[in-house]
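# Reading the structure
For reference, the chains in residue letters:
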Amino acid sequence: MIDIPHIVAHRGASIEAPENTIAAFRVAGARGAKWIECDVTLSADDKCVLIHDDTLERTTNGTGPIHHSDFDALRNLDAGGWFSDIYKGERIPSLKDTLETLYFMDMGANLEIKPSGCDPVRLCEEVIKELRISKTVPPILISSFDDTAVAHMRKHMPDLPCGWLLETLPKNWKAEYARLGASAIHIDHKALTPVSAAEIVDAGVPLVCYTINDVERAKELFSWGVTSVITDDPAKLLMAFPRRPFAAHR
Ligand code: G3P
Ligand code: MG
């Protein structure tokens, strides 16, 4: 079973630096985070790039859908100036650069496959290609809201752990979890109750929650047996919980 750290930096330390950039991953590492979460999608010419939205407006100085721009055009955009002048000139990272950076920082990643607007299978194929050719692959936990992506990754990279990413917990979650062959459940913390958390934890399933920036809420979730919380503010949560505060599994 993969050892998921109790605190994972959401899109990097995204409260302090522009999300899904190398700068945000470096700040997360500097604050003591062992892992970051990041979102990977495809450029028009099928290169893996890190960005959350399916359009460029919010986090870059570009416009339009990501999947309409080639890699070179995306790399010329400013992905930091929207956040603060200090980060002006920060680039949209490639998956390759991200893997390398994390590897040399001795960090790991929850790599979320985000096919918004592109073909999930095509995206998975490119991620797999990148992971296979890279000589600097850090510990990786894949996750996706897209069941096709989860199934594809499980089939073609069965040794790579893959989380089932959910907004709410379906009634028949156990059967679906087994069918997908997933290694963890990643769920919006607002959808979790002490009862549903106990059900997951008692089944021995690692439970990852997003996105928690409040120390008291994180404490409550850990007391329910949650394995890991994904946060925009790893500095704050690591200050409150330098180590896992409760046993991960009962
Ligand atoms: O992977 C957890 C979380 O990142 C999922 O939601 O929209 O922030 O990618 P989102
Ligand atoms: Mg994400």
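Cut-off values and rules
Residues numbered from 1 in each chain as written. Chains lettered and ligands numbered in written order. Predicted model: local features only at pLDDT ≥ 70, side-chain atom pairs only at ≥ 80, totals over all residues. Heavy atoms only, no water. Near = heavy atom within 4 Å. Polar contact = N/O pair within 3.5 Å; in protein donor to acceptor, adjacent residues only side chain to side chain. Areas by Shrake-Rupley, 256 points an atom, 1.4 Å probe, with all protein chains shown as cover. Nonpolar A, V, L, I, M, F, W, Y, C, P; charged D, E, K, R; others polar. Donors = N, O, S within 2.8 Å, 3.2 Å for Na, K, Ca; no water. Helix = DSSP H or I, 4+ residues; strand = E, 2+ residues; numbered from the N terminus. Buried < 20%, exposed > 50% of the residue type's maximum accessible area, 1.4 Å probe, protein only. Axes fitted to C-alpha atoms, helices over the stretch in contact; angles between N-to-C directions. Left-handed = near helix turned anticlockwise from the far one by under 90°. Contact = heavy atoms within 4.5 Å. Parallel < 35°, antiparallel > 145°, perpendicular 65-115°, else oblique. Salt bridge = Lys/Arg side-chain N within 4 Å of Asp/Glu carboxyl O. UniProt positions renumbered as here; feature names shortened; annotations may be inferred. Phe/Tyr/Trp six-rings, centres within 6.5 Å; stacked < 30°, edge-to-face > 60°.

Within an unreviewed UniProt entry, the label attached to the protein reads Glycerophosphoryl diester phosphodiesterase, and the organism entered is Thalassospira tepidiphila.

As a further point, take the site of ligand 1. Around ligand 1 lies a shell formed by His 10, Arg 11, Glu 37, Asp 39, His 52, Glu 112, Lys 114, Phe 145, Leu 165, Tyr 210 and Ile 230. Interatomic distance of 2.8 Å between a side-chain N/O atom of His 10 and an oxygen atom of ligand 1. A distance of 2.8 Å separates an oxygen atom of ligand 1 from a polar atom in the side chain of Arg 11. Burial of ligand 1 by the protein chains amounts to 90% of its free accessible area of 290 Å². In the shell around ligand 1, the residues fall into four nonpolar, two polar and five charged.

Coordination of the magnesium ion (ligand 2) by the protein is provided by Glu 37 (OE), Asp 39 (OD) and Glu 112 (OE), with metal-donor distances spanning 2.0 to 2.2 Å. Site description for the magnesium ion (ligand 2): donor spacing in sequence, E-x1-D-x72-E. Note that Glu 37 is positioned in strand S2 (residues 35-42) and Glu 112 in strand S4 (residues 108-113), a separation of 75 residues in sequence. Taken as a pair, Glu 37 and Glu 112 share a single burial class, namely buried.

Contact geometry of helix H4 (residues 120-133) with helix H5 (residues 147-156) gives a least axis separation of 9 Å together with a crossing angle of 35 degrees. H4 and H5 meet at a crossing whose hand is right-handed. Facing Pro 120, Val 121, Cys 124, Glu 125, Val 127, Ile 128 and Arg 132 of H4, the residues of H5 in contact are Thr 148, Ala 149, His 152, Met 153 and His 156.

Another point: the environment of Ala 218. Locating Ala 218 in the fold gives a position in helix H8 (residues 215-223). Judged by relative accessible area, Ala 218 falls into the buried class, the value being 0%.

Okay, the packing of helix H3 (residues 95-104) against H4 next. Between H3 and H4, the shortest axis-to-axis distance is 10 Å and the interhelical angle comes to 40 degrees. As judged from the angle between their axes, H3 and H4 are oblique. Read as a crossing pair, H3 and H4 show a hand that is right-handed. Where H3 abuts H4, its residues Leu 95, Lys 96 and Leu 99 lie against Val 127, Glu 130 and Leu 131. A breakdown of the residues in the contact of H3 with H4 according to their chemical character gives four nonpolar, no polar and two charged.

Next up on the list: the pattern of salt bridges. On inspection of all chains with the given rule, the structure shows 16 salt bridges. With a closest N to O distance of 3.5 Å, Asp 188 and Lys 190 form a salt bridge. Note on Asp 188: relative accessible area 16%, which makes it buried. Look at the salt bridges and you will find they share partners, linking Arg 11, Glu 19, Asp 39, Asp 53, Arg 58, Glu 112 and Lys 114 into a network.

Following the UniProt record, the feature "domain: GP-PDE" (unreviewed entry) maps to residues 5-241 here. As a span, residues 5-241 carries 34% helix and 19% strand, and end to end its C-alpha atoms are 11 Å apart.

With that out of the way, let us pick up helix H1 (residues 22-30). Of all the positions in H1, only Ile 22, Ala 23, Ala 24, Phe 25, Val 27 and Ala 28 are classed as buried. Close packing links the buried residues of H1 with strand S1 (7-10), S2, strand S3 (48-50), H3 and helix H9 (234-240). Among the residues trailing H1, Gly 32 stands out with phi positive, at a value near 100 degrees.

In total, this model carries six aromatic pairs according to the counting rule given. Arranged with centres 6.3 Å apart and planes meeting at 85 degrees, the rings of Phe 145 and Tyr 210 form a pair that is edge-to-face. Of the two residues, Phe 145 sits in the loop between strand S5 (140-144) and H5 while Tyr 210 sits in strand S8 (residues 207-210), which places them 65 residues apart along the sequence. Here Trp 173 and Tyr 177 contribute two aromatic rings whose centre-to-centre distance is 6.4 Å and whose plane-to-plane angle is 70 degrees, an arrangement assigned as edge-to-face. One end of the pair is Trp 173 and the other is Tyr 177, both in helix H6 (residues 173-180) and four residues apart, which spans about a single turn. These aromatic residues form a ring-pair network of at least three members: Trp 82, Phe 83 and Tyr 87.

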